[in-house]
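# Structural features, examined
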Amino acid sequence: MFQDNPLLAQLKQKIHDAKPKVEGIVRATDKSYGFLECDKNSYFLPPPAMKKLVHGDKIRAAIETIGDKEQAEPLELIEPMLTRFIAKVRFNKDNKLQVIVDHPQINQPIGAKQAKSLTESLQAGDWVVATLKTHPLRDDRFLFAEITQFICHEDDEFAPWWVTLAKHEQSRYPVEGQAEYHMLDTQERLDLTDLHFVTIDSESTQDMDDALYIEPTLNENNQQVGWKMVVAIADPTAYIAEDSDIESAARQRCFTNYLPGFNIPMLPRELADDLCSLTPNDTKAALVCTIQTDMHGNVIEKPVFVSAYVQSKAKLAYDKVSDYLEKVADAWQPEDEKTLAQINYLFQFTKTRIEWRKQNSLLFKENPDYSFELAENGKVLAIHASYRRIANQIVEEAMILANMCAAEYLNENIGCGIFNTHMGFDSKNLTAAKEFLLNQVTLEDKATRYTEETLSTLDGYRQMRQDIDDADSDYLELRLRRYLTFAEFKPQLAPHFGLGLTGYATWTSPIRKYSDMVNHRLIKSFIQGKTDFTEPSENVLQRLQEARRQNRLVERDIADWLYCRYLADKVEAKPQFDAKIQDISRGGMRVQLTENGASIFVPASTITENKDDYQFNSDELALYIKGERRYKIGDIVNIQLSEVKEETRSLIGVLISE
């Protein structure tokens, strides 16, 4: 009789309404229970509640006290963790289709059905894309998903590539091209084929989009007073209509995707690798910039842009040119006197520009690049660490100079473009950055040098970076990096604090970057005498931002997977590596192996036996043991690899010594 008692129901409702309500994120554990993480508090989620939830769900819950413990009662799903997700196929004992989510914290199998549009005959272990159809808190039903896309079979050696691309919604296929291409530009082009342009790239590069020519400038007494640098950049927009499918695809992809073993081009391969590529001894359409500098590398005249035909006279390789300039024994030698002269001139000019940037902007930190050597079936044979050599710096300095000039040209003549910008410290972190510098730097005038006002200016930021670049350790740079804002694409000129420059607009890789195609079209419109320019839309800028982020995640995720495959059979030998600490948290530290670039997590529980001895300092990003600062980011430590988990693409290690 109590079940239908309206007074009792009303009382229960009042009690329920009186319970405090919170919003938070569900965090699963390796047990059957979990926790609801709110802004400042964490609440226990008992096993019955977790059966209705997925790790990462954002929910609204009532908080009740049972004994001396507060626990959460799920009320409403605000945002599910799972919408579209990557999973592996499985069949239960009744042969019913299920999926296992590809996420380290989500282990429960989810019932599934195959979309009618999907004709693939699915097998256990297949990689698929699925979408969540029902959720217990939203639909008052069990978790259920629909498989919408087949990715690959479990034994596909290239699963790391295909699964990662599908996860980030990127195509594995090149853009579809046209049956034939015609020159669409109608403006007259200068004939610059007599200039002895050279390209410098990796030996395997096919999509060569930049060629260089340089000569000394002389006064009336035949004395050198400076340099004339001519930068020729491939011109794919000469063949691509703005309303074409190729343009639409490039606008969506935004970048060529460079992956271990191969790339997925932004443009059709016949354009990127053939028609537009500045292949040797072939006459090609190009957008060309002529830059005049003095002997100190200062630009002394306005840059001049023209549409032209050019002809690369030599395809040079980074390593061979570097071997020659570094005087390596039995090194490659230039094949002719003109190519020899170009290499020597470029070398001299590069040293001048490096010194100019050292004085007037910022130089890059010298960190190795890591590359995977793969067999044809995708197996990792080796991992190589390589450093920027002089030939790489030649091209790098030429491109930086050309992009500086493009920013000036776009701003002064057109008033818009796509500018690469970076505003230094995030405004909300300025005070913390200032306090950190005052505590860590020993300069006598640091109080006036590092104010919030000076650090928010390009000159002040540049001076600060030059100060800390002289430090022996990377600690200052790595710690300050956490206070920085993100780089952005903007339609108007703005500084790039990270480069130490007042403006930067890339146009030197239009085969590989959509932003460069946009800047090409704007520059060529001005050359043709047009005065009405359309500013790049916010949609284009946002897509560039998102695509850049996606590409970095794709590269990182594939690398993590390949590192696991490469190191899996080496765990038994308990290999030890030197490593640099990249991050420290309450849970432990993340380090990067200097030998091959792999990222390894060292759990706090392995660093000290007594957890009370372990203190994490979030301001310093440092680890204290028994009150003594023992480790900080940037430190070099010795690590032993202890476990490889390919299913979660994670490497675990233990600390051997400092």
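Residues numbered from 1 in each chain as written. Predicted model: local features only at pLDDT ≥ 70, side-chain atom pairs only at ≥ 80, totals over all residues. Heavy atoms only, no water.

Within an unreviewed UniProt entry, the label attached to the protein chain reads Exoribonuclease 2, and the organism entered is Actinobacillus delphinicola. The UniProt entry for the protein chain carries the following text under Sequence similarities (unreviewed entry): "Belongs to the RNR ribonuclease family. RNase II subfamily." (UniProt positions renumbered as here; feature names shortened; annotations may be inferred.)

Quick look at the overall build of the protein chain now. Counting its regular elements, the protein chain contains 17 helices and 30 strands. With the C-alpha coordinates aligned to their principal axes, the bounding extent of the protein chain is approximately 110 × 65 × 55 Å. Within the protein chain, counting contacts between residues at least 6 apart in sequence, those at least 24 apart form 65% of the total. Side chains of the protein chain give 77 positive and 103 negative charges; the mean places of these two sets differ by 6 Å. (Helix = DSSP H or I, 4+ residues; strand = E, 2+ residues; numbered from the N terminus. Contact = heavy atoms within 4.5 Å. Lys, Arg positive; Asp, Glu negative; His and termini not counted. Charge placed at Lys NZ, Arg CZ, Asp CG, Glu CD.)

The next point concerns the packing of aromatic side chains. Within a pair of aromatic rings, the relevant descriptors are the distance that separates the centres and the angle that separates the planes. All chains considered together, the criterion is met by 20 aromatic pairs. When the centroid spacing of 4.9 Å and the interplanar angle of 50° are considered together, the rings of Phe-158 and Trp-161 count as tilted. The positively charged end of Arg-479 is found above the aromatic ring belonging to Phe-436, 5.9 Å away from the centroid. One residue, Lys-570, lies across the ring of Tyr-566, its end atom 4.0 Å from the ring centre. (Phe/Tyr/Trp six-rings, centres within 6.5 Å; stacked < 30°, edge-to-face > 60°. Lys NZ or Arg CZ within 6 Å of the ring centre and 35° of its normal.)

Here the focus is the sheet that holds strand β28 (residues 628-632). Pairing within the open sheet is antiparallel, and its three strands lie in the order β26-β27-β28. Looking at strand neighbours, the two that pair on one side only are β26 (614-617) and β28, the edges of this open sheet. Put simply, the sheet's adjacent strands are angled 30° from each other on average, direction ignored. Alignment of β26 against strand β27 (residues 622-625), held across four bridges, turns out to be antiparallel. In the strand pairing of β27, Phe-616 is matched with Leu-623. (Pairing = 2+ DSSP bridges. Axes fitted to C-alpha atoms, helices over the stretch in contact; angles between N-to-C directions.)

Mapped onto the elements, Lys-284 comes out in strand β17 (residues 283-294). Despite its burial, Lys-284 pairs with no opposite charge; the closest candidate is Asp-282, at 4.6 Å N-O. Within polar-contact distance, the side chain of Lys-284 engages the backbone oxygen of Ser-277 at 2.4 Å. Excluding residues within four positions of it along the chain, Lys-284 makes contact with Asp-274, Leu-275, Cys-276, Ser-277, Leu-278, Thr-279, Ala-308, Tyr-309 and Val-310. (Buried < 20%, exposed > 50% of the residue type's maximum accessible area, 1.4 Å probe, protein only. Salt bridge = Lys/Arg side-chain N within 4 Å of Asp/Glu carboxyl O. Polar contact = N/O pair within 3.5 Å; in protein donor to acceptor, adjacent residues only side chain to side chain.)

It is worth spelling out the nonpolar core at this point. Ranked by size, the top nonpolar core spans 79 residues in total, and within it Val-231, Val-288, Trp-507 and Tyr-514 carry the most contacts. Dropping the residues within four chain positions of it, Tyr-514 is found in contact with Glu-247, Ala-250, Arg-251, Cys-254, Met-266, Val-540 and Leu-544. (Core = buried A, V, L, I, M, F, W, Y, C linked by side-chain atoms within 4.5 Å.)

What follows concerns the pairing of strand β9 (residues 127-134). Judged by how many residues are buried, β9 sits mostly within the fold: six of eight residues are covered. Direction of pairing for strand β6 (residues 84-91) relative to β9: antiparallel, over a ladder of five bridges. Opposite Lys-88, over in β9, you have Trp-127 as the bridge partner. Sheet analysis places β9 next to strand β10 (residues 144-152), joined by seven bridges and oriented antiparallel. Bridging from a neighbouring strand, Val-128 pairs with Phe-150 of β10.

To continue, consider the pairing of β28. Here β27 pairs with β28 via four bridges, running antiparallel. The residue of β28 that forms the bridge with Ile-625 is Glu-628. Linking two consecutive strands that pair antiparallel, namely β27 and β28, is a turn of two residues; a positive phi of about 55° is found at Lys-626 within it.

Time to look at the sheet that holds β6. Read once around its circumference, the closed barrel built from five strands follows the order β6-β7-β8-β10-β9, with strand pairing classed as mixed. On average, each strand axis in the sheet is tilted by 55° relative to the strand beside it, whichever way the strands run. One ladder, built from two bridges, connects strand β7 (residues 97-101) with strand β8 (residues 110-114); its direction is antiparallel. Across the sheet, residue Gln-98 finds its bridge partner in β8, namely Gly-111. Contacts from helix α4 (residues 159-167) reach β6, β9 and β10, with the element oriented near 135° to β10.

So, on to the domain arrangement of the protein chain. Taken as a whole, the protein chain is organised into domain 1 (6-79), domain 2 (84-156), domain 3 (190-419 + 504-558), domain 4 (423-485) and domain 5 (570-655). For domain 3 and domain 5, the distance between their C-alpha centres works out to 39 Å. (Domains from an automatic or database assignment.)

The next thing to look at is the pattern of salt bridges. On inspection of all chains with the given rule, the structure shows 45 salt bridges. Here Arg-189 and Asp-235 are joined by a salt bridge, their closest N and O atoms 2.6 Å apart. One end of the pair, Arg-189, is in the loop between α4 and β11 (190-191); the other, Asp-235, is in the loop between β14 (224-234) and α5 (245-253), with 46 residues separating them in the sequence. With its nearest N and O atoms 2.8 Å apart, the salt bridge here joins Arg-549 to Glu-546. With Arg-549 and Glu-546 both in helix α16 (residues 538-567), this residue pair falls three residues apart, about one helical turn. Judged by relative accessible area, which is 43%, Arg-549 ranks as partly exposed. Relative accessible area serves as the criterion here: at 29%, Glu-546 is assigned to the partly exposed category. Sharing partners across several salt bridges, the network here consists of Asp-185, Arg-189, Asp-235 and Lys-524.

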